[in-house]
Amino acid sequence: MPGFELWSDAERKELMDVVESGILMRYGFDAQRKGHWKAKELEQAICDRFGARHAQLVSSGTAALTTAMAALGIGAGDEVIMPSFTFVASFEAVLSTGAVPVLVDVDETLTLNPAAVRAAITPKTKCVMPVHMCGSMADMDALQAICKEHKLLLLEDACQSIGAAYKGKSLGTIGDAGTFSFDFVKTMTCGEGGVVMTNREDVYTKCDAFSDHGHDHKGVDRGADLHPFLGYNFRISELHAAVGLAQVRRVDEFLAIQKTNHAALKGFLSSVPQVSFRQLPDAEGDSCTFLSWFLPTEELTRSVVAELKAQGILGGNFYWYDNNWHYIRKWDHLKNATALYPLNEAQRTALLHLREQDFSASDAVMGRCISTSISLLWTEEQVKEKGEKIVAAINKALKNAAVPSQN
Ligand SMILES: *Cc1c(COP(=O)(O)O)cnc(C)c1O
């Protein structure tokens, strides 16, 4: 999955340009920066590689989501529909704008179930936010149709799916806006960083200013810029952008390795008839950062997890159902509305309501799912060993389940 695994002289060289000039900031200091504009270059490279008309770099994927929502005009009183399986950043960003996160069920795509989205629409719904989890995509045709019909904004959280595509278009470039994260464990990294991509010029112009205190960036002197609206500081540094610039040039190399290792591992797991795989609305477009697979029941899945653990090979195999970061079941801080500061009343009410909401449809999916992360460093021999060990663990669990209990 992560680009950090292949750290190289390419990243060191880009960094050294910045270290030597000493200009660590992306704006200004034109005379001293020796022609290095890493953030600008990275934005152009992102537009070129992923086919977005505009790209605005920011300090993290979370900041990218917040910036995108601000630019789309999402705020107090608005509802944003998002999935029950994601990373905590998705709802953090919604809450930071004053809006209400409305969590709905996922299906075997591991992303938004379009029928659940439809059922959650109210007069307050402003935006649908699919999260393209674990390297692969939501059903974008269905979600676009819903957004069009109900005049809703579509914001793609593609933070985990850099380089994945749906019907030939890069994830993150299909909706009104989309985001990538370049944190340390994402497909390409800046160390920390993120980007908003959009084909809408109005959205881009707002992102550009919002992420730098509302500076309109129209003059030659940033200090004399006007502030057409309130902003914030979500700037990326040149140091971080330099790393990303080297990584974006290597992203196809990373994706090719992921695809090879993913296909090899899938070959092993496919030999077990009881194993099924994540549904992919466009299998061609999978970025293959993870192989996500299902067993027929939660009980069997738990015994496979226990078996993997007993053999010391659980690392890299994620059982999201029990995970604190990714699934509604363990988000007690969210469900109890535990914040350091007063939330607005609509947010508080909605969060406390999550405790009673029925997520059994999501549970039925996530309780049976294991995602195996795909390393860029595996040798063919190591994939084989991993595949055989996982298959052996599954077969052992299946055999134990088939034997009637003695007591
Ligand atoms: C990583 C991630 C983010 C946030 O990215 P950061 O750069 O870590 O802030 C948002 N959404 C999802 C689904 C992620 O995996």
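Residues numbered from 1 in each chain as written. Predicted model: local features only at pLDDT ≥ 70, side-chain atom pairs only at ≥ 80, totals over all residues. Heavy atoms only, no water.

## Some thoughts on the pairing of strand 9 (residues 194–198)
Piece 1. With 5 of 5 residues buried, strand 9 is to be regarded as a mostly interior element.
Piece 2. Side-chain alternation along strand 9 places Gly194, Val196 and Thr198 on one buried face and Val195 and Met197 on a second face that is also buried.
Piece 3. Here 5 bridges tie strand 1 (residues 54–58) to strand 9, and the two strands are oriented antiparallel to one another. In the sheet register, valine 58 faces strand 9, and the bridge partner there is glycine 194. (Buried < 20%, exposed > 50% of the residue type's maximum accessible area, 1.4 Å probe, protein only. Helix = DSSP H or I, 4+ residues; strand = E, 2+ residues; numbered from the N terminus. Pairing = 2+ DSSP bridges.)

## Digging into helix 10 (residues 298–310)
Piece 1. Its 13 residues place the ends of helix 10 18 Å apart at the C-alpha level, agreeing with the 18 Å of an ideal helix rising 1.5 Å per residue.
Piece 2. When we look at burial in helix 10, the residues that qualify are Leu300, Thr301, Val304, Val305, Glu307 and Leu308. Seen end-on, helix 10 carries its buried residues on one side only, within an arc spanning 160°. Within helix 10, the exposed residues directed more than 90 degrees away from the buried face are Glu299, Lys309 and Ala310.
Piece 3. The secondary structure elements touched by the buried residues of helix 10 are strand 11 (290–294), strand 12 (317–318), strand 13 (369–373) and helix 14 (380–402).
Piece 4. Immediately downstream of helix 10, the backbone of glycine 312 shows phi near 70°, a positive value. (Expected span 1.5 Å × (residues − 1). Arc of directions from axis to C-beta. Contact = heavy atoms within 4.5 Å.)

## Some points on the site of the ligand
Piece 1. Around the ligand, a shell composed of 15 residues is seen, among which Gly61, Thr62, Ser181, Asp183 and Lys186 lie nearest.
Piece 2. Interatomic distance of 2.8 Å between a side-chain N/O atom of aspartate 157 and a nitrogen atom of the ligand.
Piece 3. Separating an oxygen atom of the ligand from a side-chain N or O atom of glutamine 160 is a distance of 2.9 Å.
Piece 4. Contact with the protein chains hides 94% of the accessible area of the ligand, taken as 380 Å² for the molecule alone. (Near = heavy atom within 4 Å. Polar contact = N/O pair within 3.5 Å; in protein donor to acceptor, adjacent residues only side chain to side chain. Areas by Shrake-Rupley, 256 points an atom, 1.4 Å probe, with all protein chains shown as cover.)

## A closer look at unusual backbone geometry
Piece 1. In this structure, lysine 34 is a non-glycine residue whose phi angle is positive, near 55°.
Piece 2. Along the polypeptide, lysine 34 turns up in the loop between helix 1 (9–21) and helix 2 (38–50).
Piece 3. Given the relative accessible area of 60%, lysine 34 is considered exposed.

## Describing the sheet that holds strand 5 (residues 153–157)
Piece 1. Within the open sheet, the 7 strands sit side by side as 1-9-8-5-4-2-3. Their pairing is mixed. The open sheet has two edge strands with one neighbour each: strand 1 and strand 3 (100–104). Pairs of neighbouring strands in the sheet enclose a mean axial angle of 25°, with direction left out of account.
Piece 2. Judged from the 3 bridges that link them, strand 5 and strand 8 (residues 177–181) form a sheet pairing that is parallel. Counterpart to glutamate 156 in the pairing with strand 8 is glycine 178. (Axes fitted to C-alpha atoms, helices over the stretch in contact; angles between N-to-C directions.)

## Details of the packing of aromatic side chains
Piece 1. Within the structure shown, the criterion is met by 13 aromatic pairs.
Piece 2. Here phenylalanine 290 and tryptophan 320 contribute two aromatic rings whose centre-to-centre distance is 5.8 Å and whose plane-to-plane angle is 70°, an arrangement assigned as edge-to-face. A residue pair is termed long-range when its members are at least 10 positions apart, and phenylalanine 290 in strand 11 and tryptophan 320 in the loop between strand 12 and helix 11 (332–335) qualify at 30 residues.
Piece 3. Sitting above the plane of the tryptophan 37 ring, arginine 33 keeps its charged end 4.0 Å from the centroid.
Piece 4. One cation-aromatic arrangement involves lysine 266 over phenylalanine 277; the distance from NZ or CZ to the ring centre is 4.8 Å. (Phe/Tyr/Trp six-rings, centres within 6.5 Å; stacked < 30°, edge-to-face > 60°. Lys NZ or Arg CZ within 6 Å of the ring centre and 35° of its normal.)

## Details of the domain arrangement of the protein
Piece 1. Domain assignment breaks the protein into domain 1 (3–251) and domain 2 (252–401).
Piece 2. Inter-centroid distance (C-alpha atoms) of domain 1 to domain 2 is 25 Å.
Piece 3. Residue-level contacts link 45 residues of domain 1 with 46 residues of domain 2.
Piece 4. Here domain 1 meets domain 2 over a buried area of about 3800 Å², counting both sides, of which 60% is carbon and sulfur.
Piece 5. Among the residues domain 1 hides against domain 2, the three largest losses belong to Glu5, Leu103 and Glu108. Together they make up 17% of the total.
Piece 6. Between aspartate 252 and arginine 49 there is a salt bridge, and its shortest N-O distance comes to 2.8 Å.
Piece 7. The tally of links from domain 1 across to domain 2 stands at 31 residue pairs in polar contact (both at pLDDT 80 or more).
Piece 8. Among the elements that make up the side of domain 1 that touches domain 2, the one with the highest residue count is strand 3 (4 residues). (Domains from an automatic or database assignment. Buried area = accessible area lost by both parts, 1.4 Å probe. Salt bridge = Lys/Arg side-chain N within 4 Å of Asp/Glu carboxyl O.)

## Let's talk about the pattern of salt bridges
Piece 1. Under the defined criterion, the tally for this structure stands at 27 salt bridges.
Piece 2. Between glutamate 43 and arginine 26 there is a salt bridge, and its shortest N-O distance comes to 2.8 Å. Taken together, the positions of glutamate 43 in helix 2 and arginine 26 in the loop between helix 1 and helix 2 put the pair 17 residues apart, joining distant regions of the chain. Each member of the pair, glutamate 43 as well as arginine 26, carries the same accessibility label: buried.
Piece 3. Here the salt bridges share partners, and the residues they tie into one network are Lys13, Glu14, Asp17, Lys38, Glu41 and Arg249.

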